[in-house]
Amino acid sequence: MAFGKGCHLHLIDGSAYIFRAYHALPPLTRKSDGLPVGAVSGFCNMLQRYVDENVDSDVTHVAVIFDKGSHTFRNDLYDQYKANRDEMPEDLRPQIPLTRRATEAFNIACKEMEGYEADDIIATLACQARAAGGRVTILSSDKDLMQLVGDGVEMLDPMKNRTIDSEGVEEKFGVGPDRVVDVQALAGDSVDNVPGAPGIGIKTAALLINEFGSLEELLDRAEEIKQPKRRQTLIEKRDQIELSKKLVQLDCETPIDFTLDDLEVRDAEPDVLLGFLAEMEFRTITKRIADKLDIEPPVIEDKTPEGANPPEQEDGPEALPFEPEKYETVRDAQALQAWIDRAYERGYVAVDTETTGLDDMVVDLVGICLSVDPGKACYVPLAHVSDEGGDLFGSDAKLDGQMDMDRCLEMLKPLLEDDGVLKIFQNAKYDCKIFARYGVTVAPFDDTMLMSYALNAGLHGHGMDALSERYLSHNPIEIKTLLGTGKSAKTFDKVPIDEATKYAAEDADITLRLWQVFKPQLHRKQVTTVYETLERPLSPVLAQMERNGIKVDRNTLSQMSNAFAQKMAGLESEIHELAGEEFNVGSPAQVGEILFGKMGLEGGKRGKTGKYSTPADVLEDLATEHDLPARILDWRQLSKLKSTYTDALQTHINAETGRVHTSYVQTGANTGRLASTDPNLQNIPVRTEEGRRIREAFVAEKGNVLVSLDYSQIELRILAHVAEIDALKQAFREGQDIHAATASEMFGVPLDEMTPDVRRQAKAINFGVIYGISAFGLARNLRIPREEAKGFIDRYFERFPGIRTYMDDTVDFAKEHKFVQTLFGRKIHTPEINAKGPGAGFAKRAAINAPIQGTAADVIRRAMVRMPDAIANLPARMLLQVHDELLFEVDASAVEDLIGAAREVMENAADPAVKIDVPLVVDAGQGDTWAEAH
DNA sequence: GTCATCACG
DNA sequence: GACGTACGTGATGACC
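Residues numbered from 1 in each chain as written. Chains lettered and ligands numbered in written order. Predicted model: local features only at pLDDT ≥ 70, side-chain atom pairs only at ≥ 80, totals over all residues. Heavy atoms only, no water.

The name an unreviewed UniProt entry assigns to chain A is DNA polymerase I, from the organism Salibaculum griseiflavum. For chain A, the Catalytic activity (unreviewed entry) comment in UniProt is given as "DNA(n) + a 2'-deoxyribonucleoside 5'-triphosphate = DNA(n+1) + diphosphate". (UniProt positions renumbered as here; feature names shortened; annotations may be inferred.)

Written as structure tokens, this is what we have:
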């Protein structure tokens, strides 16, 4: 068929595929001779997936396009073009020709041309296809190709499975596809080393192009630009900008020696394809394709040479396809026994529970999934009911074909509690809490979510969907396709059993496969200790704390709510009176309009949405002169306390326990801190007198006392240690007031003459240092001129020279390794550390802060892991953690014993792994309420 | 769903 | 040399 109207051409960016395959996979080698084939393996999987997904599509023509040669016409124009690219990795180079052969084996047209980039060939083909009246889809996410979009040409980001049309381009560049090159010419590109106009990024470039219509127009009329700096740049750098445009402009007239007709879609020749895959020794994918074609797979001999170390994996686990129809529904004891036997045989089993909701303190168990071998998994439905509403008798009746729940748990309990069988979960805390409520104490276990966190904190999220996509190249079935969304959403027990099996069993399958990916990496990346001492053992401790919950007095809260409501009503009328009109005080936009628009007060700044910004510090400044902003601040405080605390907390009181059970997210903060949700009990007010009263609603059970123990200045102590600041260390050893000591050292004021104000300034600087200080930040915090703040910082660095060294060293380390580490070996990745522009400052400060905040987080984690044993003999329970504080509930008779035991654990938590050169000091408090204990 | 705001360490 | 900045979180109401 000749290419023309009605045809649809797919152009695949082959080089991008290769790099993605290379980086996504561990370094696999061919078993018989050690040839590196990881990227080839991933590449074949991607092609296979592409073929599978497009079998029934309207695509008539397809080609994979590659780069060839390193010297192109762009290098003749500009010798620095792409000059900053890293050398190709040694183990990738030999795989390049193999990817060409792989493409041919799949019988897909494979095109490249010496001296031309793949992008130019793609541009040429796209132009030709468009001219012939056909449709074109470019499978790539490369922004350099976006100039081709429009008029029948679109892009498809294969990673995100997202189509990029003209609108998508405009979103990215702020201009339509026809002006993309103009924007690129101005903004330049640090990846390709295109110079562009210095100091102008995509945002500014789009602004200019939109104003002047085109790059040429802009350069001709550069004199009209208002900003002097910009004008000068555009006039002086005209040559460089014009050169940049030539570099980014794709060549639509590449002299190709083939025609569109040569790219017609062809079926693969089974012999050729399987022959190639067998030669590469890709067992899994060979078998899969053979199965699909219903022919006998070629035999791949195990040719491991004598004495050679067998590679960890000969083929990525992602090579095995996901086939939901193959998952088994277990409906009786005999079938379940077979799975249990298999788990004992293997010594491990991936487990997942399905429940009626998300709150593990409330929901009911609906089913259980198991997987022992990748690709194989089962679902044991236990409590599915009919989804038919209105049926007087049938609606709540358990569906047929399900095991009795007690019988099932009775069979599984020995397995789940067996020391010799490792249970593998994604987020074990959730499933273990469910099992605990049904009388099963799961142990031992591994948790893929925690493994991912130990390996990759800072790089990406650790939810199953994200991990599956990233490490298994598989998008799991979304739960909402089963449950629906919003008001019409149903619970999992209403999902038909056969549908539930496909979804639920897949989760166990994914969990097992992720475990196989992560397990060997823990050692390789040297985070086994972090995982085994700071992550895995903490999970059951948190589970117990969550189950304990804390007693919250509903009456106290509801009375406070009423009082707040009254005060707010009064303030509201007062505010409307002062403003001279009624408006929504809760709307920052309307508040801004009133204050800065109507009343014309000074200092109104507009945010990125164009509305006036009205944060508290701005209103506080205005409040010195005017009543209205002061009243608004009062109203806001009450509104916050009422909606977030006194109202919301009541809804979180568990009907069965009468207590509030937060949920800790162990992987929530990149630094190693915990996060608390539903409700967040780590941000209960304490700084203002009115807010602190909320803590009076947190009470001890009758006959008990709440005890709070918190680390004193732990982050500053850690800073003193890691940065080796002798003066600070000494002050801590002598038990001095550290902020006063800092002030004394900096300003030369003797301690006995210290004023509160000088101490306050020193305190702000101490905190600033932990946060990666900047003159701007300190100036804003202390409300002093930036010059003065800079003076403070300079003096601080002068007096404590170790700080500067620590900061510089930390940033250098981050730049080199793309991560920083805590004293206990936790890694926090800093992928943005080499970014340019404003992002650079953020990344730097985060890198400086992370080891300090993270080490403190590690210390309290170690204490928490040891705490259950240390207080096992006391009538006490650990309830909450608030970053540097642990809250306990203890029988009134054992308060002092508890304080002694818990303080001992906390103060020595770093031992014996790390010797911290400064004492860790723990303060204790007690009382009937959290307000008194803290 | 995103933004602005504000609660905590 | 300009630009925008204190670090880490979660919940809420307004608004689209």
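## As for the protein's contact with DNA strand B
Neighbouring DNA strand B are 23 residues, the closest being Thr 614, Ala 616, Lys 640, Val 686 and Arg 687. Across the atoms of DNA strand B situated within 4 Å of the protein, the share located in sugar and phosphate is 76%. For DNA strand B, a base oxygen lies 2.8 Å from a polar atom in the side chain of Lys 640. Interatomic distance of 2.5 Å between a backbone N/O atom of Val 686 and a phosphate oxygen of DNA strand B. No other element matches the four residues that helix α26 (residues 627–651) contributes to the surface near DNA strand B. A per-class count over the surface near DNA strand B returns nine nonpolar, eight polar and six charged. (Near = heavy atom within 4 Å. Polar contact = N/O pair within 3.5 Å; in protein donor to acceptor, adjacent residues only side chain to side chain. Helix = DSSP H or I, 4+ residues; strand = E, 2+ residues; numbered from the N terminus. Nonpolar A, V, L, I, M, F, W, Y, C, P; charged D, E, K, R; others polar.)

## A short note on a negative patch on the surface
A cluster of acidic side chains, namely Asp 165, Glu 167, Glu 170 and Glu 171, defines a negative patch on the protein surface. Summarising the element assignment, Glu 171 is placed in helix α6 (residues 166–173). Residue classification places Glu 171 among the exposed positions, given a relative accessible area of 70%. (Patch = residues over 30% accessible without salt bridge, like charges linked within 9 Å, V, L, I, M, F, W, Y side chains within 5 Å. Areas by Shrake-Rupley, 256 points an atom, 1.4 Å probe, with all protein chains shown as cover. Salt bridge = Lys/Arg side-chain N within 4 Å of Asp/Glu carboxyl O. Lys, Arg positive; Asp, Glu negative; His and termini not counted. Charge placed at Lys NZ, Arg CZ, Asp CG, Glu CD. Buried < 20%, exposed > 50% of the residue type's maximum accessible area, 1.4 Å probe, protein only.)

## What to know about the protein's contact with DNA strand C
Near DNA strand C there are 32 residues, and of these Ser 587, Asp 678, Asn 680, Phe 776 and Arg 780 occur at the shortest range. Sugar plus phosphate: this is where 66% of the atoms of DNA strand C within 4 Å of the protein reside. In the environment of DNA strand C, a phosphate oxygen lies 3.0 Å from a nitrogen or oxygen atom belonging to the side chain of Arg 845. If one sorts the elements of the surface near DNA strand C by residue count, helix α35 (residues 838–870) sits on top with five residues. Looking at the surface near DNA strand C, its residues break down into ten nonpolar, 16 polar and six charged.

## Describing the pattern of salt bridges
Enumeration over the complete set of coordinates arrives at 57 salt bridges. One salt bridge in this structure joins Lys 292 and Asp 52, with 3.2 Å as the shortest N-O distance. Taken as a pair, Lys 292 in helix α13 (residues 283–293) and Asp 52 in helix α2 (residues 38–54) lie far apart in primary sequence, 240 residues in all. Across the pair Arg 733 and Asp 917 runs a salt bridge whose closest N-O atoms are separated by 3.8 Å. Within this pair, whereas Arg 733 is found in helix α29 (residues 726–733), its partner Asp 917 is found in the loop between α36 (895–907) and β25 (922–927), the two being separated by 184 residues in sequence. Residue Arg 733 is classed as partly exposed on the basis of its relative accessible area of 43%. Connected through shared salt-bridge partners, Lys 551, Arg 659, Glu 701, Arg 877 and Glu 889 make up one network.

## So, the packing of helix α25 (residues 616–623) against α26
At their nearest, the axes of α25 and α26 sit 8 Å apart, and the two run at 140° to each other. By the angle class used here, α25 and α26 are oblique. Side by side, α25 and α26 meet where Ala 616, Leu 619, Glu 620, Leu 622 and Ala 623 of the first sit next to Pro 629, Ala 630, Ile 632, Leu 633 and Arg 636 of the second. (Axes fitted to C-alpha atoms, helices over the stretch in contact; angles between N-to-C directions. Parallel < 35°, antiparallel > 145°, perpendicular 65-115°, else oblique. Contact = heavy atoms within 4.5 Å.)

## Digging into the environment of Glu 581
Of note, Glu 581 is situated in the loop between α23 (554–579) and α24 (588–598). Between the C-alpha atom of Glu 581 and that of Ile 594, which follows or precedes it by 13 residues, the distance is 9.1 Å. In contact with Glu 581, other than residues within four places in its own chain, are His 576, Ile 594 and Lys 598.

## A few points about the nonpolar core
Within the largest apolar cluster, 143 residues are counted, with the highest numbers of intra-cluster contacts made by Ile 550, Tyr 711, Ile 803, Met 864 and Phe 888. Membership of the second largest hydrophobic core comes to 52 residues, among which are Ala 63, Ile 138, Leu 145 and Ile 225. (Core = buried A, V, L, I, M, F, W, Y, C linked by side-chain atoms within 4.5 Å.)

## A look at the sheet that holds strand β24 (residues 885–891)
One open sheet holds the four strands; their spatial order is β23-β24-β20-β25, and the pairing between them is antiparallel. Looking at the sheet topology across the chains shown, the edges are occupied by β23 (876–881) and β25. Recorded for the sheet is a direction-independent mean angle of 25° between the axes of neighbouring strands. Pairing of strand β20 (residues 704–711) with β25, which is carried by six bridges, proceeds in the antiparallel orientation. (Pairing = 2+ DSSP bridges.)

## A word on α13
Along α13, the residues classified as buried are Ile 285, Thr 286, Arg 288, Ile 289 and Ala 290. Each element contacted by the buried residues of α13 is listed here: α2 and α12 (270–280). The first or second residue beyond α13 is Asp 294, which carries a positive phi of 60°.

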